[in-house]
Each structure stands twice: as structure tokens, then as C-alpha cells.
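If you want the building blocks of each chain, they are given just below.
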Amino acid sequence: LSLVLVASPSSAWWEYGHESIATVAALNVEPETRREIERLLAKAELLETPTCPASTIEEASYWPDCIKKLGERFSYAYSWHYQNVDICKRFDQKSACKDGHCVSAQIDRNAELLADETLPDRERVMALAFLVHFVGDLHMPLHAGDKSDLGGNRFKASYGVIPHRNLHAIWDGYLADRGISSPPAEPRGIVSELTPEQRSAWSLGTTEDWARESWEVARQFAYGSVMTDPCGALPETEPVIDEATTRRLIPVVREQVAKGGLRLARLLDEALA
């Protein structure tokens with residue numbers, strides 16, 4: 001418990017969530033795609049980020065968060081990880097995506113770069129890492145919808161006995177960790193529960209479709225789990241996500257991880273197979 005209390009990561013899904021979505025994707029891509037991913041990531045040293053490795057798809061999934069520590073070198077990408085679309089207004093992605101600086105636009109952009117075989121391998125390796133990461137970001141609901149609170153970063157809440165967190169951190173890590181590790185645990189456990197119909201249906205759609213869906217999850221479950229009316233007044237006292245609420249949210253988290261992984265697999269197949 002003491003280790004959990006001192007931890008305060010700010011990365012979306014933390015490492016576990018991103019790695020899990022990447023693994024779900026790796027389990028579902030075509031063999032040809034898997035070979036090309038391995039070929040590209042074998043050249044990850046071209047990125048020249050020795051403190052931020054990307055030699056496996058799981059490492060690559062976290063690389064765009066790791067490079068934030070490198071200061072100005074990659075500061076241009078900071079706004080690419082999210083889009084703050086107000087959950088209490090009509091869904092409007094464009095207002096949160098000026099000049100392509102949002103997660104949805106960067107998914108599309110990096111998918112195109114990855115597919116372009118005329119580009120140097122360095123650019124394609126970087127596009128691969130960004131693509132894997134940003135699909136994960138988009139499926140963390142509070143990177144797709146917010147309540148004028150920086151995606152829940154300013155919304156104070158407690159997670160069980162862990163006090164004075166914020167809603168973003170709870171969904172980013174504590175709740176994600178609990179959901180992914182619940183039986184059947186880990187990415188293979190999540191995949192094992194999927195029906196053929198779910199695999200087929202969940203991989204469909206456009207980036208905007210997925211953004212709208214995550215935005216709705218933010219409204220209904222992220223904010224809806226701690227507020228009677230997600231668009232009403234903020235709670236007077238710090239809400240607590242208790243065990244009963246956590247159990248209701250675990251299937252939501254697992255579904256987001258599954259959808260993110262299946263959709264990422266489709267994008268990778270389209271770009272590389």
C-alpha cells in the first residue's frame with residue numbers, strides 16, 4: 001500500500017495499460033505484419049533514445065511517454081496524446097484538434113507514415129511507436145472526453161483507501177491495473193473472453209468513431225461513476241470509487257483494452273501486410 005500511495009505517474013494507462021493493448025494487437029495481427037513489426041523494431045536504435053527503448057511492441061507502446069523526459073527534443077508531440085472534448089456538449093472533435101494536434105489526427109497521420117515504404121526506417125519506426133501508443137491513449141476515456149478539468153486531472157477523487165488522487169490517475173493506472181489483472185488476467189486472458197462476433201465488430205470503424213465511443217465512456221462511466229449527473233455540479237466532498245464501483249467498472253476497462261488492441265491490429269495490418 002505504501003508503494004501505491006507514493007506513486008503518481010502521469011502517463012496515460014501507465015505502462016501496464018499501453019503494453020496490454022500492444023500485446024492484444026500482437027496476438028491478432030497477420031504473420032506478415034508481425035514479421036515487419038519485428039524487422040522495424042530491430043532498428044529501434046535509429047531513434048537515438050537509449051534511455052527509452054523500443055525494441056519490442058510493448059516497449060514501443062510506452063516510448064512516446066518515456067520521451068517526455070527528454071525535454072525539448074520531443075516537446076512538439078505533447079498535445080498529440082489527448083483531445084479534451086467536452087462531455088456535456090455535442091460531440092465535436094474538430095474543436096479539440098486544431099491543426100491536427102490531437103490524438104485522433106495523429107493516429108491517422110502515423111498510420112499513413114508507417115505504410116509509406118519510401119520513408120527511411122527511422123521515420124517508420126517512430127511512426128510505429130507513436131501509432132501503437134496513440135491508439136492506446138484514445139481508448140483511455142479521459143483522453144477522449146473531459147469536463148473542463150484537463151481530462152479529470154483536476155477532478156479530485158479517492159480510489160478505495162488511497163486518498164486524494166484524481167479521476168485521471170485512477171483510470172490511468174489504479175483501475176486499469178485492477179481490470180487487466182482480474183481473472184482471466186493479462187492480455188491473453190482478455191482475448192480469451194472475446195467471441196468471434198466481438199472480434200469482428202470491435203475492429204471496425206474510423207478513428208472518429210472510436211473517439212466518439214471513448215468520449216461516451218468518459219461521460220457515462222468515468223464521470224458517471226462518481227456523479228449522479230455527469231454534467232451537474234461538482235461533488236461537495238471528494239468522491240470515493242469503492243470496491244463495489246470498481247467491480248462494475250472492471251468490465252468497462254477490459255473492453256476498452258480489447259477494443260484498443262483489436263483496432264490497433266487492424267491498423268497495423270492495413271499499414272504493413
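The present account deals with the structure reproduced in this document. A quick note: this is a predicted structure, and the numbers were derived from the prediction, not measured.

Thresholds, definitions, all that
One numbering rule holds for all chains: residues counted from 1, following each sequence as written. The predicted nature of this model means local features are confined to residues of pLDDT at least 70 and side-chain atom pairs, given and counted, to a pLDDT of 80 or more, with totals for whole chains, interfaces and linings taken over all residues. The side-chain figures draw on all heavy atoms in the structure; neither hydrogens nor water molecules are used. Under this scheme, a helix contributes an axis fitted over its contacting stretch, all axes are lines through C-alpha atoms, and angles between N-to-C directions fall in the 0 to 180 degree range. A helix here means a DSSP run of H or I that spans at least four residues, while a strand means a run of E at least two residues long, and both kinds are numbered starting from the N terminus. By definition in this entry, angles of less than 35 degrees are roughly parallel, angles greater than 145 are roughly antiparallel, angles of 65 to 115 are roughly perpendicular, and the rest are oblique. Contacts are residue-level and defined by heavy atoms, with any inter-residue pair within 4.5 Å sufficient. Gly is placed with the polar residues, together with every amino acid not listed as nonpolar (Ala, Val, Leu, Ile, Met, Phe, Trp, Tyr, Cys and Pro) or charged (Asp, Glu, Lys and Arg). Among the buried residues, those of types Ala, Val, Leu, Ile, Met, Phe, Trp, Tyr and Cys that are joined through side-chain atoms within 4.5 Å form a nonpolar core. Using a 1.4 Å probe on the protein chains alone, a residue whose accessible area is under 20% of its type maximum counts as buried, one over 50% counts as exposed, and one in between counts as partly exposed. Paired strands are those between which DSSP finds at least two bridges. By convention, a stacked pair of Phe, Tyr or Trp rings (six-membered ring in the case of Trp) has centres within 6.5 Å and planes under 30 degrees apart, an edge-to-face pair has planes over 60 apart, and any other such pair is tilted. Think of the arc as the fan of directions from the helix axis to the C-beta atoms.

## Focus: the packing of helix α10 (residues 207-223) against helix α11 (residues 243-272)
Okay, step 1: Two numbers describe how α10 lies on α11: the axes approach to 12 Å, and their chain directions differ by 170°. Here α11 runs roughly antiparallel to α10, going by the angle between their axes. Listed contacts from α11 to W210, E213, S214, V217 and F221 of α10 are L249, V252, Q256, K259, R263, R266 and L267.
Okay, step 2: Broken down by class, the residue content of the contact of α10 with α11 amounts to 6 nonpolar, 2 polar and 4 charged.

## Looking at the nonpolar core
Okay, step 1: By size, the foremost hydrophobic cluster in this structure holds 80 residues, and its most contacted members are W63, L114, L131, W171 and L268.
Okay, step 2: Counting residues per element, this core draws most heavily on α11, at 12 residues.

## Points about the pairing of strand β1 (residues 156-159)
Okay, step 1: Judged from the 3 bridges that link them, β1 and strand β2 (residues 162-166) form a sheet pairing that is antiparallel. Within β2, the residue paired with A157 across the bridge is R165.
Okay, step 2: A loop of 2 residues connects β1 with β2, the two strands running antiparallel in sequence, and G160 in this loop sits at a positive phi of about 60°.
Okay, step 3: As paired strands, β1 and strand β3 (residues 240-241) are joined by 2 bridges and run parallel to one another. Bridge pairing in β3 places Y159 opposite I241.

## Let's talk about the packing of aromatic side chains
Okay, step 1: Scanning the model with the defined rule gives 10 aromatic pairs in all.
Okay, step 2: Between F74 and Y76, the aromatic rings sit 6.2 Å apart at their centres with planes inclined by 50°, giving tilted as the arrangement.
Okay, step 3: Ring geometry for F91 versus W215: centroids 5.2 Å apart, planes at 65°, classification edge-to-face. One end of the pair, F91, is in the loop between α4 (57-66) and α5 (103-115); the other, W215, is in helix α10, and 124 residues separate them in sequence. Side by side, F91 and W215 carry an identical accessibility label, which is buried.
Okay, step 4: Site record: aromatic cluster; members linked through ring pairs are W63, F74, Y76, W80, F130 and F134.

## Digging into unusual backbone geometry
Okay, step 1: Cis rather than trans, the peptide bond between P183 and P184 has omega equal to -10°.
Okay, step 2: With respect to the helices and strands, P184 occurs in the loop between α7 (167-181) and α8 (186-192).
Okay, step 3: In this model, S148 sits at a positive phi of 55°, which is unusual for a non-glycine residue.
Okay, step 4: Turning to its location among the elements, S148 is positioned in the loop between α6 (121-138) and β1.
Okay, step 5: Judged by relative accessible area, which is 61%, S148 ranks as exposed.
Okay, step 6: Positioned with a positive phi, L150 is a non-glycine residue whose angle comes to about 55°.
Okay, step 7: With respect to the helices and strands, L150 occurs in the loop between α6 and β1.
Okay, step 8: Residue L150 is classed as partly exposed on the basis of its relative accessible area, which comes to 44%.

## Section: helix α3 (residues 31-41)
Okay, step 1: All buried positions along α3 are accounted for by T33, E36, I37, L40 and L41. Along the axis of α3, the buried residues cluster in a sector spanning 130°; they form a single face. Opposite the buried face of α3, by more than 90 degrees, sit the exposed residues R35 and E38.
Okay, step 2: Taken together, the buried residues of α3 touch α4, α5, α6 and α11.

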